[in-house]
Amino acid sequence: MESEDTKKIQEMKTDLNLLLECLKYQMDNPFSQKEALVTIHSICQQNSNAGVYFREIGGLMFVRNLAKSSEHSMVKEAALYTLGAVAEQNVYCQQTLCTSELFEDLTWFLSNNDSNTNLKRMSVYVILVLVSNNRTGQTLVRETGCITVLTQLFRTVLSKYELNLSDKNVFQSYQLWSSVCSTLCVCVNNPQNDENQMLCCSLFPHANDWLINCITPEVIRPVCSFIGLTLANNTFVQKYFISVGGLDVLSQVLVQLESDSHKTVSSAKLAVVVTKTVDACIADNPTFGVILSKYQIVSKLLTLLLHESLDSGEKFSIILTLGHCTEDCEENQYDLFKNNGLPLMIQALTESQSEELNKAATFVLHNCKKITEKLCLSLGEYSFDENEKQLEDINMKEKNLEEYWKKAKEILHRIEQLEREGNEEKIQREKYKDNVSSMNINIQNTLKHLHGDSIGKGPEAEDKDKSQSRKLPSCKSHGILTTACTNDHQMKTLLKSTNPVDACYRESGQNKTLYKADSSYSQNLHERTNFEKKNSVSQSSDHVFKPPIPVVKNRKQELPVTDPFTLCSDIINKEVITFLATDSHSKMLKYRCSGCIAVGKSLNSRNFSKLLHSCPYQCDRHKVIVEAEDRYKSELRKSLICNKKILLTPRRRRQLSSESTTSGGIKKRRIRKNFTKEEVNYLFNGVKKMGNHWNLILWSFPFQQGRKAVDLAHKYHKLTKGSKHEAP
């Protein structure tokens, strides 16, 4: 390979030497010189070292002199083209050619009226190569007056705004004008040269005329590139460009291109080029964004941002321009907010993977942070300075209103709960009152019946009552036993069973006493119902219910037996108390969930489930638990039916061992697999590396399927025991 490379280098050097000799000895043959120059150019393009060698042998300076001294135009053009190509390929050649003499010669070619268009194009091309990325070349192009000639060409090469590129002469003139624009761009920037920018800013009015009168890609691209690079990072030039109406012109062109972007893609691309130029104009002076607000540039840029044909780099340029527009201009910030620019920025920030685009979107959002807070108050109806205080007041009011609404909702919810509980209590009280009133009516009817019997029968009933009064203790015990009844039917049977006691009472024959007892009883019953509501029935019922002892006039001796009506009233009193207590308590508990009231009981997973299932009135929470448990049990039953063994509770070892056996009672055993030689090697290597960590060895080497760590341990111990026995 080295011999081939050296051979190629040697051939290249030989060719260059021969071509240089051909140039020297073919001065009278311009066609041969042109062909030799074209061949030198192709060799330098193929090999980067060829230009350095050509400079070392003096070929570069000879070609420069040939371009100056030759009488033939084609030779001059070929020589200049070769110089530009070699200088563009190699930096050392660029530095060698970057002299004031060459710039003066190039200036003469450009200013000479006899020079044709191609010769001027080649001269401009050489200037472009010498000035590009070379501050020395930028200084020389200014000091030699070459830049002045270039600015004159920019004004005069194209005389008409209507370009007919199909015409050959017009097309050549356009190519020269485009090359001049590119050369001027290199003269003012990369690296930036403030002095050259000041000289080139005199072309702004002419550039504005071109933008207004000829909105075509062939004109807009070079002009916008020239304006953007001349403005870049130079506030003085930016102010001058705005003073001559340049920003207004760019805004008008951008509006027109944006309207045409819906029809053609090329208009959208040109709109992006103009957008970059606008950004360069306002980047260092954000206050100039006010001019853009007159043309609603922000809304146009947002519409352009949604164009499908744009790539991420073009979208980045648009978003960066939006950032500079909204940096210090409240009108543009408001316009961005009004046209839904913030959601677009957030979408670009979340969806894009480009860091530059994300930074630009973040820049826009940061600029519009304050205006977003202000616009929450009103959409620009008031001044932004006055809205700040009103915005704070409204924020405070909204916070207070939110707190009030929360409190109001809680109060309403509480009131609804209390109303529900009150309605339930009213319903239960009405039921209790109905039961008590029915009991009062039954008891009063019974007592009236007893009173009528005592008046109608007279002394005959008294004799019978005397005989029945001896049976009083048995009747009393019988009445006490009936106090266990709680419903209305049992109370009626209770009153029927107390007739013997009432017969004993008829022995007295005192109507007044019966009337007093009846009234006292009804009064006593009414007081008892009132005391029941106050939960103090048991303390006062015994004293209120006792009637006065009846006085018998026609009796010689007073009976030592207790008054039967007193006994009856005591029995009824106890009966009512027990009935009301048990009934109210049972009804109060009956309408409540047993899972909610069973607080003091010791509950577990078994008795709690039974407790919930036995309760007919379940709350929503426990009803969901019961339904979920029933659903889970039903699924388990289905799975058991489908021979899916699921252990709900721990089983004993015998049951598990019985399940592991087959239907015939025979346990399943693994198929025996002997260790291969490879597995034995794996085993010994694993023990050497890892010790007796059998699981690590099992997972580290490719043993057969079904091997376990215990198998490895047993096999290793067997092998080591066998080796110990064989060793002696």
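Residues numbered from 1 in each chain as written. Predicted model: local features only at pLDDT ≥ 70, side-chain atom pairs only at ≥ 80, totals over all residues. Heavy atoms only, no water.

Turning to the overall build of the chain, a few remarks are in order. What the chain contains, in helices and strands, is 39 helices and 0 strands. Counting only residues that meet the buried cut, the chain has 40% of its 728 residues in that class. Pairs at least 24 residues apart make up 70% of the contacts formed inside the chain by residues separated by at least 6 positions. Summed over all atoms, the accessible surface of the chain reaches about 43,900 Å², with 52% contributed by carbon and sulfur. (Helix = DSSP H or I, 4+ residues; strand = E, 2+ residues; numbered from the N terminus. Buried < 20%, exposed > 50% of the residue type's maximum accessible area, 1.4 Å probe, protein only. Contact = heavy atoms within 4.5 Å. Areas by Shrake-Rupley, 256 points an atom, 1.4 Å probe, with all protein chains shown as cover.)

Here we come to a nonpolar patch on the surface. Together, Ile-411, Leu-412 and Ile-415 line one region of the surface with nonpolar side chains, adding up to about 270 Å² of accessible area. With relative accessibility at 38%, the residue Ile-415 sits in the partly exposed group. (Patch = residues over 30% accessible without salt bridge, like charges linked within 9 Å, V, L, I, M, F, W, Y side chains within 5 Å. Salt bridge = Lys/Arg side-chain N within 4 Å of Asp/Glu carboxyl O.)

In contact at an axis separation of 7 Å, helix α8 (residues 117-131) and helix α9 (residues 135-143) are set at 135° when each is read in the N-to-C sense. By the angle class used here, α8 and α9 are oblique. Mapping the contact onto sequence places Ile-127, Leu-130 and Val-131 in α8 and Gly-137, Gln-138 and Val-141 in α9. Split by residue class, the contact of α8 with α9 holds 4 nonpolar, 2 polar and no charged. (Axes fitted to C-alpha atoms, helices over the stretch in contact; angles between N-to-C directions. Parallel < 35°, antiparallel > 145°, perpendicular 65-115°, else oblique. Nonpolar A, V, L, I, M, F, W, Y, C, P; charged D, E, K, R; others polar.)

All right, on to the pattern of salt bridges then. With the rule as written, the count across this model stands at 6 salt bridges. Lys-294 is the salt-bridge partner of Asp-248, the closest N and O atoms lying 4.0 Å from each other. Pair noted here: Asp-248 is in helix α16 (residues 246-260) and Lys-294 is in helix α18 (residues 289-294), with a separation of 46 residues, a long-range link. In this structure, Glu-629 engages Lys-633 in a salt bridge whose closest nitrogen and oxygen atoms are separated by 3.3 Å.

Those residues of helix α22 (residues 341-351) lying buried are Gly-341, Leu-342, Leu-344, Met-345 and Ala-348. Down the axis of α22, the sector holding all buried residues measures 160°, keeping them to one side. Seen from the buried face of α22, the exposed residues on the opposite side, beyond 90 degrees, are Thr-350 and Glu-351. (Arc of directions from axis to C-beta.)

Residue Pro-191 is reached from Asn-190 by a cis peptide bond, and omega for that bond is 0°. Positive phi, normally seen in glycine, also occurs at Gln-296, with a value near 55°. Residue placement: Gln-296 occurs in the loop between α18 and α19 (297-305). Although it is not a glycine, Asn-340 adopts a positive phi angle of roughly 60°. Among the secondary structure elements, Asn-340 is positioned in the loop between α21 (330-338) and α22.

Attention now goes to the environment of Asn-367. Structurally, the position occupied by Asn-367 is in helix α23 (residues 355-367). Overall, the relative accessible area of 11% leaves Asn-367 in the buried class. Between the C-alpha atoms of Asn-367 and Gly-323, which are 44 residues apart in sequence, the distance is 7.1 Å. Residues within four places of Asn-367 in sequence aside, it is in contact with Gly-323, Thr-326, Glu-327 and Gln-333.

Quick look at the packing of aromatic side chains now. What the rule picks out here adds up to 14 aromatic pairs. Taking 6.0 Å as the distance between ring centres and 85° as the angle between the ring planes, the aromatic pair formed by Tyr-682 and Phe-703 counts as edge-to-face. Placement of the pair is Tyr-682 in helix α37 (residues 677-690) and Phe-703 in the loop between α38 (694-700) and α39 (709-726), with a sequence separation of 21 residues. Phe-703 gets classed as buried once you look at its relative accessible area, which sits at 11%. Through pairs of rings, three or more aromatic residues link up here, namely Phe-154, Tyr-174, Trp-177, Phe-204, Trp-210, Phe-226, Tyr-240 and Phe-241. (Phe/Tyr/Trp six-rings, centres within 6.5 Å; stacked < 30°, edge-to-face > 60°.)

Residues lying three or four places apart along an α-helix face the same way, a consequence of the helix completing one turn every 3.6 residues. In a regular helix each residue adds 1.5 Å, so 15 residues correspond to 21 Å; helix α14 (residues 217-231) covers 21 Å between its end C-alpha atoms and thus fits that length. Every buried residue of α14 is listed here: Val-219, Ile-220, Pro-222, Val-223, Cys-224, Phe-226, Ile-227, Gly-228, Thr-230 and Leu-231. If you follow the buried residues of α14, they end up packed against α11 (168-188), α12 (194-200), α13 (204-213), α15 (235-243), α16 and α17 (265-282). Asn-233, located one to two residues past α14, shows a positive phi value of around 60°. (Expected span 1.5 Å × (residues − 1).)

Taken N-terminus to C-terminus, the directions of α16 and α19 make an angle of 35°; their axes are 10 Å apart at the nearest point. The two elements α16 and α19 meet at a crossing, and its hand is left-handed. Between α16 and α19, the contacting residues are Ser-251, Leu-254, Val-255 and Glu-258 on the first element and Ile-297, Lys-300, Leu-301, Thr-303 and Leu-304 on the second. Its residues assigned to classes, the contact of α16 with α19 shows 5 nonpolar, 2 polar and 2 charged. (Left-handed = near helix turned anticlockwise from the far one by under 90°.)

What follows concerns the confidence of the model for the chain. With 69% of its residues at a pLDDT of 70 or more, the chain shows a mean pLDDT of 76. When mean pLDDT is taken per element in the chain, α8 scores highest with 94 and helix α27 (residues 472-481) scores lowest with 37. Scored below 50 in pLDDT, residues 379-384 shows 10 contacts in the model against residues more than four places distant or in partner chains. Every residue in residues 644-665 is under pLDDT 50, and counting partners more than four places away or in other chains gives 14 contacts. (pLDDT = per-residue confidence, 0-100.)

Structurally, Gln-238 can be placed in helix α15. Excluding residues within four positions of it along the chain, Gln-238 makes contact with Leu-231, Asn-233, Ala-280, Cys-281, Asp-284 and Asn-285.

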